[in-house]
Amino acid sequence: MTTETQLKPEHHVEELERVTIRFAGDSGDGMQLTGTQFTRTAAVFGNDLATLPDFPAEIRAPAGSLPGVSGFQISFASTEIYTPGDRPDVLVAMNPAALKTNLGDLKPGGLLIVDKDEFEPTNLKKAAYESNPLEDGSLAGYQVVPISITRQNELALEGLPLSAKDKFRCRNFYALGLILWLYGRTLDTTIKWATEQFKRRPDILEANLRALRAGYNFGETTELFRVQYRVPPAKVPPGTYRHISGNEATALGFVAASVLSGLPLFYGSYPITPASDILHELSKLKNFGIKTFQAEDEIAAIGAAIGAAYGGHLGLTGTSGPGLALKSEALNLAVMTELPLVVIDVQRAGPSTGMPTKTEQADLLQAMFGRNGDSYVAIVAPCTPSDCFIMAIEAFRIALKHMVPVVFLSDGYLGNGSEPWRIPDISELPRIEWKYAEPQEGKFNPYLRDPKTLARPWAVPGQKGLEHRIGGLEKSGETGDISYDPRNHHEMTLARKAKVDRIVEDIPLLQVTGPEEGDLLVLGWGGTYGSITSACENARKRGLSVASAHLRYLNPFPANLPDVLKRYKKVLIPELNTGQLALLIRGRYLVDAISFNKISGQPFKIAEIEGKIDEVLGLRDEYVLEFTRSAGVSGG
Amino acid sequence: MTAPTASNDGLISPDLPVLTRKDFVTDQEVRWCPGCGDYSILAQMQKMLPELGIARENIVFISGIGCSSRFPYYVNTYGFHSIHGRAPTIATGLKTARPELTVFVITGDGDGLSIGGNHLLHAMRRNIDLNIILFNNRIYGLTKGQYSPTSEFGKITKSSPYGTTERPLNPIRIALAAGATFVARAVDRDTKHLEEMLYRAAKHRGVSFVEVYQNCNIFNDGAFAAFAEKEVRAERMIYLEHGKPLRFGKNNEHGIRLNGFTPEIVENAESDDGLLVHDAHAENITLANILVGMDYPDFPVPVGVFRDVDAPTFDQLVQQQVDEAIAKGRGSLEDALRAGETWVVE
C-alpha cells in the first residue's frame, strides 16, 4: 500500500441507470452555471439527459431569501430518457432558503448535500426556519451530508488577490467539483470551458479552478461518501452529438431556414422573457447575412418583420405570450396581405404578465383565434428542445410555399431546457421551396392564386412591371383593388381559410407510439412530449393498452388525426393549460376527450400523467395533483 | 431566382427609364373629398417623383390608416397600406432588409403622432433612410371629425363639444427632439414650395420628416387659411433658407432677430445687420427650436427646411456590420451546428 492510497478511503462504486440531481442556491450563487457545467460533462460523456432550469423572476432578490432561490435540475442516464426527472435523487442546497424551497421534491431517502456554513442564524431566519434543520432531526428521512463548503472554499483560495466576495462566488465550483467526483466524472470539460470563459481574467480563472479541484479532492479524500456512482453512457444512434437548449435550437433552425432557402433572415424582436435568448443568438450570426432589429416595442418588431417579408426576405419575429397579444393586429395584417411571416411565441405562465420565468402552454387558442375577423394562420409546435430546430425550418417551409403567416409555439420549458442532440446531416433537412412572382404583361393581380396551394404570388419591390398595392383593406381576388363586394369578401375569407387547410397535404401524418388501437390514447402537443411518452411507456410496461401521440402541427392538424382518435376507447389530453387542445379536438371531431390540466408554471411529472392514466382506465380513484391535495383545488 | 440583397440585387435594372408624372398615376379613382388638400400633395409628389431618376419598381410607399394613408393606392409604385400608426415599422423592416429601395412613409397627425407616436420617434432617432411625409390637418377626418393631437387647445369638435382640454403637439419640435436629420414644413396650397420640400426630403440621405399643413375642407376647413392663403402668405409665413437672413413681407421688408433666446420682428428692416441668419446645417438644434416656436398671429409661420444635417443611416450601419462579418468568412451551417463541444457515438 502506498501512502497515497492509505490517505484515500475506499469508495464502493455503484452503477446506476439514471440519476436526477438538483442544484439549488441563492440566485447569486451561480446554480444555473453549475448545472450547465455538469450537464455539459454528462453530455460529452455520452449520457442521455434532460434539464430543467428553474430561476426566480428577480435578477437579484435579497441574498438568502426564499424568492431568491434558483434551481437547476438535470437527469442523466444510460438509457433513453425524455424528461428532467420527476423528483431529484440528489439535492445540493447551498443555503437554508434553497433547502426549504426544494426539500419537498427530494425523494425519500435521497442524498442531501448542504453547505453547513450557511446554516447560521441570519440565513435561517431569512428562510423562516425556527430551528436549524441540520440539528433538529427534521431531515432524518434523508442521507444528509453537511459540508463546510464556504469555509473550505475560502481555505482553497487563500492567498489569492481577490475580494472576499469574489472568493465566495467560487463556492459553486467547489460544489460542482464535488458532484463531478461523486459521479466519477473528470474535470476536463469544465476546465476547458472556464479557460475560454475567463481568458481575460486569469485571477478569476485560477480561483475557480482551485475551488473546482478542491471540491473534487474533498470527495476523494473524505469518508463522508461511502459510495461513488457510475452512470454509463447511453446507447444512442451513432453520430456526432452536441448539447443544445430549445432557444439555441430555435435560433439555429431559423439560420438553417435561411441557408436552405437562400433568403436572408430578418429578425425583429423586443426583449421579453423567455424569448430574448433567440435574439441574442441570432444577433451574433451576422456572417449568415442575418439582420436583427431590437425594436421599440412588440408591434414595431412584427411590423419590421412584415416589412422584410414584403421585401422578399425571411421575415421573423419572436416573443412570449404578452408580446403575441400586442402583435395580434399586425399579425392579422400579414394574414390579410398573405405574406410569409413567422412568429415565435416562447410561451410563459399566466395571463397578463403572469409568471415570466415559468412555463405553460396556454397560448394555443391565442395563436389560433386571437385576432379580429375570421383569421387563419398555420401553427407548428416543437415537442423537445432539439425539435425546435426542425420545426423552425418547417415554419418557413410552410410560410414560403403557402404564403401564409406561421406561429411557432415553443415554451419556457423547451426554450430553457436542454438535451443532447445528434447533429443532423444538412442533406437530411427539409427542402424549402419558394419563388417570386413571374414577370408578366398588363396589370398585375397580387391575388392570382396558385390553383393547388391557393398561395398568392410573392411580388417584391424591385421587380419591374409588378408594381402593386396591398394592405389591410379587403381586396378583390380578381384585380387586387380595394373591394367591398359582398361575394368577394365571402370568397376571399374562404380562400384564406382553405389556403391554411390545404397545408394538410404538405405535413407528415401523426405518429402513434404504442398499440395501433386500444383502450387509451394520450394525445399531447408541445413541451409535454417527454412526460407523456415516459408515462405511456411505463403504463405499457405495466401491461396497459395505452398509446401516445404528439401533435407538432396544430393548424392544420395532420390528416390522419380523426382516424387515430377513433381507434381508442378513450382519449386523454394532458395540457399545461385549462384544456385548449381538448376544446379544439372536442369541437372539431366530436370526440369526448378527457382533459387533464396543470397550471402551476411547472412541467408535468411522469407520475402525474401515469396517475391520471390509471384513473381514466378505472384502476384507481380520482387522481388529484399532489400539490393541490392540501389546498383543495381541483387539478382538472 | 436569387434573393435580393443590397450587395447583389439582380432585380434592379441598370438603365434608368425617363419617366413622367403620368407614369406615377394609377388606374384607381382618387376618393378624397373634392377640395381636400391631399390632392395637391399627391399632385406634387407625382410631379416630383420622375425628377428623382429612380425606377418606379424601386420606390415603395407605405402608409398607416387615415385619409392620408390612402395615398399609396394612387401612386403607381409598390405600395403598402398598413395598419394604424405602424407604417414606420413596416418601412423600417423593408428599408433595413433592402437598403437599395427608396421608401416613403405617408402618415397623418393622428396616425403618426397619436397611435403611432412611438414608432415615429424611433424611426427618426435611428436615422433610417425613410422619407416621412406627415399630413397635418389638425383633425381626425376619416372617423369624421374628432380632435387630433395637433388640434389647438379648446377646439370644438364632435368629441369635444365644450372645447378640448389638452394642448397640441408641434410635429416639427418632436422631429427635432428625436434627432431627425432632415426636418421641413410645407403647405398644401403652396405647390411649388411643397414640391421642392418633397424633392429635398427624397434626396436627403437619412430620415426626412416633412410636415405638410393640409386643409380638411370638411371637418376643419380653413385651419391654416389665416396665414396660408395666397393673398396673405407673404406677410404671414416666412420661408427659411439656409445661410440667408430671416425676412418676410410682400417685399421682404420685415426681418426676425433674436433678443436673447426670444425672436422678435423687425419691421421694415433696411439692413440685414442684426437679423437672424438661418443655419439648417447646425448640429445644435437650439436655433431650429426657436424658429419652430414662432406661430401666427404673433409671428409669421416658418416653412422650409429647419434642419438638414448628415449622419450615418441605420440601414447602412446594419448592412455594414453584415458585410464586415461576411468579409471575414461567410457563415457555414455545418460549422454553426457543430459549434461548442461535440462528441461522437460510434
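As the structure is a prediction and not an experimental result, all values here were calculated from the model.

Undergrad: For this particular structure, what's the right way to read the sheet that holds strand β10 (residues 262-266) of chain B?
TA: Hydrogen bonds between backbone atoms are what pair the strands of a sheet, whose relative direction is either parallel or antiparallel. With antiparallel pairing, 3 strands are arranged side by side in an open sheet as β8-β9-β10 (chain B). If you trace the sheet from one side to the other, it starts and ends with β8 (247-248) and β10 of chain B, each paired once.

Undergrad: How do you make sense of the interface of chain A and chain B when you look at a structure like this?
TA: Interfaces are often sized by the amount of accessible area the parts lose when they come together. Facing 77 residues of chain A, the contacting portion of chain B comprises 64 residues. The interface formed by chain A and chain B contains 4 salt bridges. A salt bridge links E341(B) to R40(A); the shortest N-O distance between them is 3.6 Å. Across the contact surface, chain A and chain B share 28 residue pairs in polar contact (both at pLDDT 80 or more). A total of 8 residues in the side of chain A that touches chain B trace back to one element, the largest contributor, which is helix α12 (residues 298-310) of chain A. Of the residues in the side of chain A that touches chain B, the class split is 43 nonpolar, 20 polar and 14 charged.

Undergrad: I would appreciate a short explanation of the pairing of β10(B) in the present structure.
TA: Remark: a regular strand shows side chains that alternate across the two faces of the sheet. Residue and element names in this part refer to chain B. Here 5 bridges tie strand β9 (residues 254-259) to β10, and the two strands are oriented antiparallel to one another. Residue R257 lies in a different strand from β10, and its bridge partner there is E264. Linking two consecutive strands that pair antiparallel, namely β9 and β10, is a turn of 2 residues; a positive phi of about 65 degrees is found at G260 within it.

Undergrad: So what exactly am I meant to see when it comes to the UniProt feature "domain: Thiamine pyrophosphate enzyme TPP-binding" (unreviewed entry) in chain B here?
TA: Those places that UniProt annotates as "domain: Thiamine pyrophosphate enzyme TPP-binding" (unreviewed entry) correspond, in this numbering, to residues 65-212 of chain B. Here residues 65-212 of chain B is 32% helix and 20% strand, with 17 Å between the C-alpha atoms at its ends.

Undergrad: Would you take a moment to explain the nonpolar core for this structure?
TA: For soluble globular proteins, nonpolar side chains are generally found buried alongside one another. One finds F254(A), F396(A), L523(A) and L581(A) to be the most contacted residues of the largest nonpolar core, which totals 158 residues. In this structure, I147(A), I149(A), L180(A) and W193(A) belong to the second largest nonpolar core, which totals 53 residues.

Undergrad: Where do I start with the packing of aromatic side chains in this structure?
TA: The way to describe two aromatic rings as a pair is by their centre distance and the angle between their planes. In the structure shown here, the tally under the stated rule is 33 aromatic pairs over all chains. A centroid spacing of 6.3 Å and a plane angle of 80 degrees characterise the contact between F38(A) and Y183(A), whose relative ring orientation is edge-to-face. Here the residue F38(A) occupies a position in helix α2 (residues 31-45), and Y183(A) occupies one in the loop between α7 (171-182) and α8 (188-197), the gap between them amounting to 145 residues. F38(A) sits in the buried class, given a relative accessible area of 0%. Given a relative accessible area of 2%, Y183(A) falls into the buried group. Ring geometry for Y241(A) versus W343(B): centroids 6.1 Å apart, planes at 20 degrees, classification stacked. With Y241(A) in strand β9 (residues 239-245) and W343(B) in strand β12 (residues 342-345), the pair connects residues from two separate chains. Residue classification places Y241(A) among the buried positions, given a relative accessible area of 7%.

Undergrad: Please clarify how helix α15 (residues 387-402) of chain A should be interpreted in this entry.
TA: Each α-helix turn comprises 3.6 residues. Residues three or four places apart therefore point the same way. Residues and elements named next belong to chain A. Its 16 residues give α15 an end-to-end C-alpha distance of 22 Å, which sits within 8% of 22 Å, the value for a rise of 1.5 Å per residue. Burial analysis of α15 places 14 of its 16 residues in the buried class, which makes it a mostly covered element. Downstream of α15 by a residue or two, M403 has a phi angle that is positive, lying close to 50 degrees.

Undergrad: It is not clear to me how unusual backbone geometry should be interpreted in this structure. Could you clarify?
TA: Peptide bonds are trans in most cases, and residues, glycine excluded, mostly fall at negative phi. A cis amide bond links T273(A) to the next residue, P274(A), at an omega of 0 degrees. Y296(B) connects to P297(B) through a cis peptide bond whose omega is 10 degrees. Mapping P297(B) onto the fold places it in the loop between α9 (286-292) and β11 (301-308). If you check the backbone angles, A128(A) has positive phi at about 60 degrees while not being a glycine. Mapped onto the elements, A128(A) comes out in the loop between α4 (121-126) and β7 (143-147). Here N127(B), not a glycine, exhibits a phi torsion of approximately 55 degrees, which is positive. Tracing the chain through its elements places N127(B) in the loop between α4 (117-126) and β4 (130-136). According to the relative accessible area criterion, N127(B) is buried, its value standing at 4%.

Undergrad: What is the right way to look at the domain arrangement of chain A in this model?
TA: Residues and elements named next belong to chain A. Structurally, chain A comprises domain 1 (3-230), domain 2 (242-428) and domain 3 (512-616). Between the C-alpha centres of domain 1 and domain 2 there is a distance of 35 Å. Facing the 17 residues of domain 1 at the interface are 9 residues of domain 2. In terms of surface lost to domain 2, no three residues of domain 1 exceed L49, T51 and F55, which account for 39% of the buried area on that side. Across the domain 1-domain 2 interface, the total number found is 1 salt bridge. A salt bridge links D54 to K358, with the shortest nitrogen-to-oxygen separation between them at 2.5 Å.

Undergrad: Is there a simple way to explain the pairing of strand β16 (residues 418-422) of chain A in this structure?
TA: Residue and element names in this part refer to chain A. With 4 of 5 residues buried, β16 lies mostly within the body of the structure. As judged from the 5 bridges shared by β9 and β16, these two strands associate in the antiparallel manner. Paired with H243 across the strands is P420, a residue of β16.

Undergrad: Explain the sheet that holds strand β11 (residues 291-294) of chain A to me, please; I cannot follow it from the model alone.
TA: Residues and elements named next belong to chain A. Read across the open sheet, the 7 strands follow the order β11-β10-β12-β13-β15-β14-β21; overall the sheet is mixed. Each of the sheet's edge strands pairs with one partner strand only, and the pair in question is β11 and β21 (553-555). Mean inter-strand twist for the sheet, computed between neighbouring axes without regard to direction, equals 20 degrees. Note: strand β12 (residues 314-319) against strand β13 (residues 341-347), 5 bridges, orientation parallel. Its bridge partner being in β13, T317 is matched across the sheet by V343.

Undergrad: Can you walk me through the packing of α12(A) against helix α13 (residues 321-337) of chain A in this structure?
TA: Helix packing geometry: the angle between the two helix axes and the distance between the axes. Residue and element names in this part refer to chain A. Remark: α12 packs on α13, axes separated minimally by 8 Å, with the N-to-C direction vectors making an angle of 30 degrees. In terms of their interaxial angle, α12 and α13 are classed as roughly parallel. Along this stretch, α12 crosses α13, giving a crossing that reads as right-handed. For the pair α12 and α13, the contacting residues are E298, I299, A301, I302 and I306 in the first and G323, L326, K327, A330, L331 and A334 in the second. Classifying every residue of the contact of α12 with α13 gives 8 nonpolar, 1 polar and 2 charged.

Undergrad: Would you mind showing me how to read the pattern of salt bridges here?
TA: Between side chains of opposite charge, pairing is possible as soon as their charged atoms come close. Residues and elements named next belong to chain B. Under the definition given, this model contains 48 salt bridges over all chains. Residue K95 pairs with D129 through a salt bridge whose shortest N-O separation is 3.6 Å. You can see K95 sitting in helix α2 (residues 87-97) and its partner D129 sitting in the loop between α4 and β4, a full 34 residues away along the chain. For the pair formed by K95 and D129, the shared burial category is buried.

Parameters at a glance
- Residues numbered from 1 in each chain as written.
- Chains lettered and ligands numbered in written order.
- Predicted model: local features only at pLDDT ≥ 70, side-chain atom pairs only at ≥ 80, totals over all residues.
- Heavy atoms only, no water.
- Pairing = 2+ DSSP bridges.
- Helix = DSSP H or I, 4+ residues; strand = E, 2+ residues; numbered from the N terminus.
- Contact = heavy atoms within 4.5 Å.
- Salt bridge = Lys/Arg side-chain N within 4 Å of Asp/Glu carboxyl O.
- Polar contact = N/O pair within 3.5 Å; in protein donor to acceptor, adjacent residues only side chain to side chain.
- Nonpolar A, V, L, I, M, F, W, Y, C, P; charged D, E, K, R; others polar.
- UniProt positions renumbered as here; feature names shortened; annotations may be inferred.
- Core = buried A, V, L, I, M, F, W, Y, C linked by side-chain atoms within 4.5 Å.
- Buried < 20%, exposed > 50% of the residue type's maximum accessible area, 1.4 Å probe, protein only.
- Phe/Tyr/Trp six-rings, centres within 6.5 Å; stacked < 30°, edge-to-face > 60°.
- Expected span 1.5 Å × (residues − 1).
- Domains from an automatic or database assignment.
- Buried area = accessible area lost by both parts, 1.4 Å probe.
- Axes fitted to C-alpha atoms, helices over the stretch in contact; angles between N-to-C directions.
- Parallel < 35°, antiparallel > 145°, perpendicular 65-115°, else oblique.
- Left-handed = near helix turned anticlockwise from the far one by under 90°.

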